[in-house]
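Below, each chain spelled out in residue letters.
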Amino acid sequence: SASLSGGMLHQRLLTPFWRVMISQAKPSFLLLLLAAAAWEKQMKNWLEKQFRLSEFNTNIKTELLAGLTTFVTMAYVLATIPNILAGAGYDKHTTLTAMIILIIVTSCAMALVTNRPFALAPGLGSVGIIASMITNEGVSMPIAAGVIFWSGVLFIIISFFGLREAVVRVIPVS
């Protein structure tokens, strides 16, 4: 008894199944199938045009797998950060919701504007600073958030003027 290869299995099982489904389908279902196939082709063309997948020797499947891997790698922040900030007085559920929206918007902006595969999320260092300032030093939540905001603005200014690269070049390799 020889085992069925993937191609033979497809021909023996899946093809007759779809033949029966299509032969008994209503015209509206067939139109839906045709529309889905056309949409899939349009979506593939848009993704290729937007992200230049073939230019970078990649495909949609690889990019989706990479995105899933990145999400799984970063998912710990969804559990960690709301708990840290809850200890500093922030509402855990509001923090989680805000983080999810922030991560989606910034990561999509990074992909669509720069065509770079970077996922963006709050860093644990910033969260630790906020929690420490609020719980240990009695700083109010808006002031602590403002400190983090202005440190981000300062980082952007330093990066824009090339100071960040200058500092990196000054540090010896060994």
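Above: the structure in question.
Reading the values: the criteria
Residues numbered from 1 in each chain as written. Predicted model: local features only at pLDDT ≥ 70, side-chain atom pairs only at ≥ 80, totals over all residues. Heavy atoms only, no water. Patch = residues over 30% accessible without salt bridge, like charges linked within 9 Å, V, L, I, M, F, W, Y side chains within 5 Å. Areas by Shrake-Rupley, 256 points an atom, 1.4 Å probe, with all protein chains shown as cover. Salt bridge = Lys/Arg side-chain N within 4 Å of Asp/Glu carboxyl O. Helix = DSSP H or I, 4+ residues; strand = E, 2+ residues; numbered from the N terminus. Buried < 20%, exposed > 50% of the residue type's maximum accessible area, 1.4 Å probe, protein only. Phe/Tyr/Trp six-rings, centres within 6.5 Å; stacked < 30°, edge-to-face > 60°. 1 Å grid on protein atoms, 1.4 Å probe; cavity = no way out; pocket = protein on both sides within 12 Å on 5 of 7 lines; lining within 4 Å. Points joined across faces, edges and corners; volume = space filled by probe spheres on them. Nonpolar A, V, L, I, M, F, W, Y, C, P; charged D, E, K, R; others polar. Core = buried A, V, L, I, M, F, W, Y, C linked by side-chain atoms within 4.5 Å. Contact = heavy atoms within 4.5 Å. Axes fitted to C-alpha atoms, helices over the stretch in contact; angles between N-to-C directions. Parallel < 35°, antiparallel > 145°, perpendicular 65-115°, else oblique.

## Some points on a nonpolar patch on the surface
Together, Leu-65, Leu-68, Phe-71 and Val-72 make up an exposed nonpolar region whose accessible area comes to about 430 Å². Structurally, Leu-68 can be placed in helix H3 (residues 60-74). Judged by relative accessible area, which is 51%, Leu-68 ranks as exposed.

## Details of the packing of aromatic side chains
Tallying each qualifying case throughout the model produces 3 aromatic pairs. Seen in terms of ring centroids, Trp-46 and Phe-51 are 6.0 Å apart; in terms of plane orientation they differ by 85 degrees. Their pairing is edge-to-face. Taking relative accessible area as the criterion, Trp-46 reaches 40% and is therefore assigned partly exposed. Judged by relative accessible area, which is 17%, Phe-51 ranks as buried. Summarising the aromatic geometry, the rings of Phe-149 and Trp-150 are spaced 5.1 Å apart at their centres and angled 80 degrees between planes, so their arrangement reads as edge-to-face. Comparing Phe-149 with Trp-150 shows no difference in burial state: the two are exposed.

## Re the layout of surface pockets
Quantified by volume, the largest pocket comes out at close to 1,000 Å³. In this structure, the largest pocket is lined by 29 residues; those nearest its centre are Glu-63, Gly-67, Ser-107, Ala-111 and Pro-117. Split into classes, the residues belonging to the lining of the largest pocket amount to 22 nonpolar, 5 polar and 2 charged. The space that makes up the second largest pocket amounts to roughly 600 Å³. What lines the second largest pocket is a set of 15 residues, among which Leu-102, Ala-121, Pro-122, Gly-123 and Ile-148 lie closest to the centre. Mapped onto the lining of the second largest pocket, the elements with two or more residues apiece are helix H4 (76-87), helix H5 (92-114) and helix H6 (124-137).

## Here's the deal with the nonpolar core
Membership of the largest hydrophobic core comes to 13 residues, with the highest contact counts inside it found for Val-77, Ile-81, Leu-85, Met-99, Ile-130, Ile-134 and Ala-144. A per-element tally of this core places H6 first, with 5 residues. Filtering out sequence-adjacent residues up to four positions away, Ile-134 remains in contact with Ala-88, Tyr-90, Val-139, Ser-140, Met-141 and Ala-144.

## Concerning the packing of H3 against H4
Between two packed helices, what matters for the description is the angle formed by their axes and the separation of those axes. The contact between H3 and H4 brings their axes to 5 Å, and the two run at 30 degrees. The pairing of H3 with H4 is recorded here as roughly parallel in orientation. Taking contact as the criterion, the partners of Phe-71, Thr-73 and Met-74 in H3 are, on H4, Tyr-76, Val-77 and Leu-78. Within the contact of H3 with H4, the residues separate by chemical class into 5 nonpolar, 1 polar and no charged.

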